[in-house]
Amino acid sequence: MSALSAPHFHNEEAAYAYVEARIWPEGPVCPHCGGVDRIGKMGGKSTRIGAYKCYQCRKPFTVKIGTIFEASHVPMNIWLQAMYLIAGSKKGISSNQLHRILGVTLKTAWFMSHRIRDAMRDGAPDLMGGSGGRVEVDETFIGYNPRVKKAKGKGGSAHKLRVVALIDRDSGKARSMPANSLVRDEVAQIVRTNVAKEAQLTTDESRLYAAVGKEYASHEFVTHGRHEYVRGDVSTNTVEGYFSIFKRGMRGIYQHCHENHLHRYLAEFDFRYTNRQALGCNDADRADRLLQGVVGKRLTYETIGAR
Ligand SMILES: [Zn+2]
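Cut-off values and rules
Residues numbered from 1 in each chain as written. Predicted model: local features only at pLDDT ≥ 70, side-chain atom pairs only at ≥ 80, totals over all residues. Heavy atoms only, no water. Buried < 20%, exposed > 50% of the residue type's maximum accessible area, 1.4 Å probe, protein only. Helix = DSSP H or I, 4+ residues; strand = E, 2+ residues; numbered from the N terminus. Arc of directions from axis to C-beta. Contact = heavy atoms within 4.5 Å. Donors = N, O, S within 2.8 Å, 3.2 Å for Na, K, Ca; no water. Tetrahedral: all angles 85-135°; square planar, octahedral: opposite > 155°, others 65-115°. Pairing = 2+ DSSP bridges. Axes fitted to C-alpha atoms, helices over the stretch in contact; angles between N-to-C directions. Salt bridge = Lys/Arg side-chain N within 4 Å of Asp/Glu carboxyl O. Core = buried A, V, L, I, M, F, W, Y, C linked by side-chain atoms within 4.5 Å. Phe/Tyr/Trp six-rings, centres within 6.5 Å; stacked < 30°, edge-to-face > 60°. Lys NZ or Arg CZ within 6 Å of the ring centre and 35° of its normal.

Where helix H3 (residues 95–102) is concerned, the buried positions are Ser 95, Leu 98 and Leu 102. For H3, the angular spread of the buried residues around the axis is 60 degrees, confining them to a single face. Check the buried side of H3 and you find it contacts helix H2 (76–88) and helix H4 (106–120). Positive backbone phi, approximately 75 degrees, marks Gly 103, located one or two places after H3.

On the protein side, the zinc ion has Cys 30 (SG), Cys 33 (SG), Cys 54 (SG) and Cys 57 (SG) as donor atoms, found 2.3 to 2.4 Å from it. What the four donor atoms of the zinc ion show is an angle range of 105 to 117 degrees at the metal, which sorts the shape as tetrahedral. Mapped onto the polypeptide sequence, the residues donating to the zinc ion form the spacing pattern C-x2-C-x20-C-x2-C. Note that Cys 33 is positioned in the loop between helix H1 (12–23) and strand E1 (39–41) and Cys 57 in the loop between strand E2 (52–54) and strand E3 (60–61), a separation of 24 residues in sequence.

The strand order E6-E5-E4-E7-E8 describes an open sheet built from five strands, whose pairing is mixed. The two strands at the open ends of the sheet, each matched to only one other strand, are strand E6 (174–179) and strand E8 (218–222). Neighbour-to-neighbour, the strand axes of the sheet open up by a mean angle of 25 degrees, direction not taken into account. Examined bridge by bridge, strand E4 (residues 134–142) and strand E7 (residues 200–204) share three bridges and lie parallel to one another.

What follows covers the pairing of E6. Taken across its six residues, E6 has five buried, putting it largely inside the fold. Alignment of strand E5 (residues 161–168) against E6, held across six bridges, turns out to be antiparallel. Within E6, the position partnered with Leu 166 by the bridge is Arg 175. Taking the residues that link successive antiparallel strands as the turn, the E5-E6 hairpin has five residues, and the phi of Gly 172 there is positive, at about 80 degrees.

Read from one edge to the other, the open sheet built from three strands follows the order E1-E2-E3, with strand pairing classed as antiparallel. The open sheet has two edge strands with one neighbour each: E1 and E3. Sheet topology places E1 next to E2; three bridges connect them, and they run antiparallel. In the sheet register, Lys 41 faces E2, and the bridge partner there is Tyr 52.

Okay, the pattern of salt bridges next. Note that side chains of opposite charge can pair when their charged atoms are close. Counting across every chain of the model gives twelve salt bridges. Among the salt bridges present, the one from Asp 118 reaches Arg 121, with a minimum N-O distance of 2.9 Å. The class of Asp 118 is buried, set by a relative accessible area of 5%. A salt bridge links Arg 272 to Glu 268, with the nearest nitrogen and oxygen atoms 2.8 Å apart. You can see Arg 272 and its partner Glu 268 sitting in helix H8 (residues 262–274), four residues apart, about one turn around the helix. Assigned by exposure class, Arg 272 and Glu 268 land together as buried.

This paragraph deals with the nonpolar core. Membership of the largest hydrophobic core comes to 40 residues, with the highest contact counts inside it found for Phe 69 and Ile 116. Breaking this core down by element, the ones donating at least two residues are H1, E2, H2, H3, H4 and helix H9 (283–292). Look past the residues within four positions of Ile 116 in its chain and what remains in contact with it is Ile 68, Trp 79, Ala 82, Met 83, Ile 86 and Leu 290. Core analysis: the second largest hydrophobic core is formed by 19 residues, Val 135, Val 164, Leu 182 and Val 195 among them.

Here Ala 71, not a glycine, exhibits a phi torsion of approximately 60 degrees, which is positive. With respect to the element layout, Ala 71 can be found in the loop between E3 and H2. The residue Leu 182 is not glycine, and still its phi comes out positive at about 55 degrees. Accessibility expressed as a relative area gives 11% for Leu 182, which makes it buried.

Looking now at the packing of aromatic side chains. This model, assessed by the stated rule, comprises eight aromatic pairs. Seen in terms of ring centroids, Trp 24 and Phe 61 are 5.8 Å apart; in terms of plane orientation they differ by 80 degrees. Their pairing is edge-to-face. Of this pair, Trp 24 sits in the loop between H1 and E1 while Phe 61 sits in strand E3; the two residues are 37 residues apart in sequence, bridging distant segments of the chain. Considering the side-chain rings of Phe 69 and Trp 79, the 5.2 Å spacing of their centres and the 70 degrees angle between planes classify their relative orientation as edge-to-face. Of the two residues, Phe 69 is situated in the loop between E3 and H2 and Trp 79 in helix H2; the sequence distance between them amounts to ten residues. By the burial criterion, Phe 69 is buried, and Trp 79 matches it. Put simply, the rings of Trp 24, Tyr 52 and Phe 61 touch in pairs and so form one group of aromatic residues. The aromatic ring of Tyr 18 is capped on one face by Arg 22, whose charged end is 3.5 Å from the ring centroid.

Distances and angles like these do not, on their own, reveal function.
This is the structure in structure tokens:
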């Protein structure tokens with residue numbers, strides 16, 4: 001049986017029930033007043049699917065309020081299909097592909113995929129390496145920053161977008177973010193914000209990490225300049241593996257990544273990496289975890305920075 005043959009992918013009422021069971025495990029919660037008592041399901045032919053009424057504040061609501069689904073006319077079962085496809089594809093799915101598979105307009109597909117990426121963003125990230133494990137940190141360049149002109153006839157990376165990624169070796173989690181300039185102070189701030197002082201910071205020999213490394217339980221590095229890639233369990237191979245997945249995906253599917261959207265693509269790759277099969281997370285688990293992230297993320301077409 002196809003994974004997509006489940007009723008919540010085809011029937012809007014089943015889709016609402018599916019989402020409600022996951023967002024409201026204890027029963028409906030009024031988004032207006034926070035009430036949980038005296039909430040009634042609205043019936044009748046003229047009522048919207050999934051409509052409830054709160055008899056404390058007397059306002060109607062659905063599970064879409066305050067989530068990425070708010071103010072969207074796309075049927076809930078189509079949203080769930082889109083989420084399943086994006087969460088389950090190794091390298092991502094382009095808006096164009098989503099538009100053709102789901103039968104929504106290209107603009108709608110673009111908007112949906114950015115909202116879904118926003119749901120993939122970890123809204124309350126904790127510090128990595130808190131139990132004294134290794135945290136690998138590395139930086140890379142990707143794509144093209146339209147604000148910086150490429151130097152004529154030269155290689156270099158001044159015109160590229162910059163990314164820092166961290167991997168918590170104990171949990172297997174990945175976290176990555178755009179960096180403006182990749183200078184020492186900025187990278188140090190990223191490390192401090194994301195890594196617990198108990199961690200064993202693990203990098204290459206880049207001077208970006210020398211000073212901030214002193215703030216950590218330990219800081220060990222491999223010297224790539226001398227072709228040293230592994231020394232005992234000191235290496236940055238995991239974070240480099242993460243970058244290679246990200247770059248393959250970005251090259252294959254998302255060729256034109258504007259810097260305004262880079263953080264959302266990074267959130268998508270972080271999410272899939274952190275919730276991967278090798279860590280015991282199957283496609284259905286991953287789609288369910290994604291559904292947990294839809295609350296409190298309300299990108300509008302304007303705030304996405306459409307272009
Ligand atoms: Zn209420």
